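Each chain, letter by letter, is given below.
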Amino acid sequence: MSAHGAPEGDLEQALREIRALIETAVSQHRSQLTGSRLIDTVDGGYGEILDTAQELINGAVESVDIIHGRSVGHEGHPREAERDLLSDAPDAVRVRLLSSPALLDEYFVREQAGRHRPVSIRVAGLPPIQALIVDGSRGLVVAESALGRRASVVQAPEILHALLTLVEGVWRGAVPVNDRIFFGDQSRADLARQILGALRAGVTDEVAARELTVSVRTYRRYVAEIMTLLGARSRFQAGVRAAELRLLPPSWTTGPSGSGPGRTAPDRSMAAS
């Protein structure tokens, strides 16, 4: 399965399959393609990886696509080392960054607000890989393997196709960074999370409304507002989007009175806003 057209509920499985395809292709073709320079291993530390990424970005003509789903906190380089990679990207080049919510660089996000041609940034659940694709014809893939971190410069068409499939498929369903959900004050945030927990657990409107001590009509109004904020077309999609954005803890699998955080009295101001 590719990520193209994948239902929200199948996204995680699609991501796993694409990641496996990338890793398998690199493993199978490394020996036969290295001589033709379609795959080159990046040896050395993370500094060498950053230098390679900078060289690729500097040579971009049309586009740079970045997948940031792997934590590099243990690599010994400050976050600004990655942030600075894009500072020398040619102005005419379109740059997109797809990041896991937990790895998003908030300083970089704020920095883009004042730029004439800002980097397009979206957030979504991602497999633990880093990837860079330049002009659709060259790439850098960094992922963990049984032998530890592995980095490869890739020009092999089948691997680049898998990377572009990942980017394009996930990008369509990802959340633009400036559209992330901010539920306001703590009481409203708690109420929204309780409703999201009920949606994810499949609790009926009647039961959820009774648990939250509001009318069914008011509860449904809350649900509609939250779906709008999340850009979701269905309640199931709202639950998936909430999980991707880490609006709910992973262990919260029941409704308002279940194992999630303690209940708070609902703030009626959500309905009035």
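All values reported here derive from a predicted model rather than from experimental measurement.

**So, the packing of aromatic side chains**
Two descriptors summarise a pair of aromatic rings, namely the distance from one centre to the other and the angle between the planes of the rings.
Here comes step 1: The full count for this structure, using the stated rule, is zero aromatic pairs.
Here comes step 2: Positioned over the ring face of W171 is R96, at 4.9 Å from the centre of the ring.

**Some points on the confidence of the model for the protein**
Here comes step 1: Of the residues in the protein, 74% have a pLDDT of 70 or more, and the chain-wide mean is 76.
Here comes step 2: pLDDT under 50 marks residues 1–9. Its contacts with residues more than four places away, or in other chains, come to 23 contacts.
Here comes step 3: Segment residues 257–273 is flagged for pLDDT under 50; beyond a separation of four residues in sequence, or across chains, it makes 39 contacts in the model.

**Observations regarding the packing of helix α8 (residues 216–230) against helix α9 (residues 235–244)**
Here comes step 1: Contact pair α8 / α9: the axes reach a minimum separation of 10 Å and the direction vectors enclose 55°. The pairing of α8 with α9 is recorded here as oblique in orientation. As α8 packs across α9, the resulting crossing turns out to be left-handed. Facing R220, V223, M227 and L230 of α8, the residues of α9 in contact are R235, A238 and R241.
Here comes step 2: Tallied by class, residues from the contact of α8 with α9 come to four nonpolar, no polar and three charged.

**Describing the pattern of salt bridges**
Here comes step 1: Applying the stated criterion across every chain, the model contains 10 salt bridges.
Here comes step 2: A salt bridge links E75 to R70; the nearest nitrogen and oxygen atoms lie 2.6 Å apart.
Here comes step 3: Salt bridges here are not isolated pairs; linked through shared partners, they connect D65, R94, R96 and E168.

**A short note on the side chain of R96**
Here comes step 1: Topologically, R96 is positioned in strand β3 (residues 94–99).
Here comes step 2: For R96, the side chain forms a polar contact with the side chain of E168, separated by 2.7 Å.
Here comes step 3: Residues within four places of R96 in sequence aside, it is in contact with V64, D65, I66, V119, S120, V167, E168 and W171.

Quick notes on the rules
Residues numbered from 1 in each chain as written. Predicted model: local features only at pLDDT ≥ 70, side-chain atom pairs only at ≥ 80, totals over all residues. Heavy atoms only, no water. Phe/Tyr/Trp six-rings, centres within 6.5 Å; stacked < 30°, edge-to-face > 60°. Lys NZ or Arg CZ within 6 Å of the ring centre and 35° of its normal. pLDDT = per-residue confidence, 0-100. Contact = heavy atoms within 4.5 Å. Axes fitted to C-alpha atoms, helices over the stretch in contact; angles between N-to-C directions. Helix = DSSP H or I, 4+ residues; strand = E, 2+ residues; numbered from the N terminus. Parallel < 35°, antiparallel > 145°, perpendicular 65-115°, else oblique. Left-handed = near helix turned anticlockwise from the far one by under 90°. Nonpolar A, V, L, I, M, F, W, Y, C, P; charged D, E, K, R; others polar. Salt bridge = Lys/Arg side-chain N within 4 Å of Asp/Glu carboxyl O. Polar contact = N/O pair within 3.5 Å; in protein donor to acceptor, adjacent residues only side chain to side chain.

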